[in-house]
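Okay, here's what each chain looks like letter by letter:
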Amino acid sequence: MPLLHRLAVAVVAAAASAATMNAAAWAAPVPLPLPYGDGSTDHLLVTVSRFGSAAAGSVTYSLSCHPTGGTHPAAQGACDQLDSAVVWGRDPFAPVPPGAMCTGQYGGPATAQLRGHWAGRPVDARFSRANGCEIARWDRFSTVLRLPGS
């Protein structure tokens, strides 16, 4: 067998071997995300202030989903609302984009913050009611961002 022919056979054999190893790696199962905190993968701390500051009228709830738990007064409804906000490839907690065209309406001084993990990703989201876009964002999470006394 000529040298060039043997070299071509060796290259084809090496390529086939590499392709087989790659296929085996892709066929391996993907591990599930590790639990966060109390064993739940979806856990948030929800801090809401009616007057925009931590000292005045604020409350912090814990919220666990899958299974539902925590100190949130409407935990199941909050978990359902969060589940409905999840869309593959999009951050449900993303802030209003800079330069967004928003109405000038003011929804009051209330603020909120969500911290923890949701759908396997870390969350640190802040909410306000400063304009129409922020109010709409708040309203998408109205059950989660339950104001004190409501």
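Residues numbered from 1 in each chain as written. Predicted model: local features only at pLDDT ≥ 70, side-chain atom pairs only at ≥ 80, totals over all residues. Heavy atoms only, no water.

### Observations concerning the overall build of the chain
Working step 1: The number of helices and strands found in the chain is three helices and five strands.
Working step 2: Listed by position from the N terminus, the elements making up the chain come as α-β-β-β-α-β-β-α.
Working step 3: By the burial criterion, 29% of the 150 residues in the chain qualify as buried.
Working step 4: Counting only contacts in the chain whose residues sit at least 6 apart along the sequence, the fraction spanning at least 24 positions is 56%.
Working step 5: Taken as a whole, the chain presents about 9500 Å² of accessible surface, with 64% of it coming from carbon and sulfur. (Helix = DSSP H or I, 4+ residues; strand = E, 2+ residues; numbered from the N terminus. Buried < 20%, exposed > 50% of the residue type's maximum accessible area, 1.4 Å probe, protein only. Contact = heavy atoms within 4.5 Å. Areas by Shrake-Rupley, 256 points an atom, 1.4 Å probe, with all protein chains shown as cover.)

### Quick word on helix H3 (residues 132-140)
Working step 1: Within H3 the residues assigned to the buried category are Gly132, Cys133, Glu134, Ile135, Arg137 and Trp138.
Working step 2: Taking the backbone nitrogen of Cys133 as reference, a side-chain oxygen 3.0 Å away marks Asn131 as the first, capping residue of H3. (Polar contact = N/O pair within 3.5 Å; in protein donor to acceptor, adjacent residues only side chain to side chain.)

### Side note on the packing of aromatic side chains
Working step 1: All told, the structure shown has two aromatic pairs when counted by the stated rule.
Working step 2: Taken together, a centroid distance of 5.6 Å and an interplanar angle of 70 degrees make the contact between Phe127 and Phe141 edge-to-face. Taken together, the residues Phe127 in strand S5 (residues 121-128) and Phe141 in the segment after H3 connect sequence positions 14 residues apart.
Working step 3: Cluster of aromatic residues (ring-pair linked, three or more members): Phe93, Phe127 and Phe141.
Working step 4: One Lys or Arg, Arg137, reaches over the ring of Phe127 and ends 4.0 Å from the middle of that ring. (Phe/Tyr/Trp six-rings, centres within 6.5 Å; stacked < 30°, edge-to-face > 60°. Lys NZ or Arg CZ within 6 Å of the ring centre and 35° of its normal.)

### Some thoughts on the nonpolar core
Working step 1: Ranked by internal contacts, the top residues of the largest apolar core, which has 22 residues, are Val46, Leu82, Phe93, Leu114, Phe127, Val144 and Leu145.
Working step 2: The set of elements that each furnish at least two residues to this core consists of strand S1 (42-49), strand S2 (58-65), helix H2 (75-85), strand S4 (111-118) and S5.
Working step 3: Broken down by element, this core gets its largest block of residues, four residues, from H2.
Working step 4: Excluding residues within four positions of it along the chain, Phe93 makes contact with Leu82, Leu114, Trp118, Val123, Ala125, Arg137 and Phe141. (Core = buried A, V, L, I, M, F, W, Y, C linked by side-chain atoms within 4.5 Å.)

### Considering the environment of Cys79
Working step 1: On the secondary structure map, Cys79 appears in helix H2.
Working step 2: For Cys79, a relative accessible area of 2% translates into the label buried.
Working step 3: It is 7.8 Å that separates the C-alpha atoms of Cys79 and Ser64, two residues lying 15 residues apart in sequence.
Working step 4: Leaving out residues up to four positions away in the same chain, Cys79 has contacts with Leu63, Ser64, Cys65, Thr68 and Trp118.

### Considerations on the pairing of S4
Working step 1: Here S1 pairs with S4 via seven bridges, running antiparallel. Note that in S4 the partner of Leu44 across the bridge is Gly116.
Working step 2: As judged from the eight bridges shared by S4 and S5, these two strands associate in the antiparallel manner. The partner of Gly116 across the bridge, within S5, is Val123. (Pairing = 2+ DSSP bridges.)

### Observations regarding the state of the cysteines
Working step 1: Following the criterion strictly, the structure yields two disulfides and no others.
Working step 2: A sulfur-sulfur separation of 1.9 Å characterises the disulfide bridge that pairs Cys65 with Cys79. Taking the torsion about the S-S bond as the criterion, the Cys65 to Cys79 disulfide, at about -85 degrees, is left-handed. On the criterion of sequence distance, the pair formed by Cys65 in strand S2 and Cys79 in helix H2 is long-range, its members being 14 residues apart.
Working step 3: Across the disulfide from Cys102 sits Cys133; the S-S distance is 2.0 Å. (Disulfide = S-S within 2.5 Å.)

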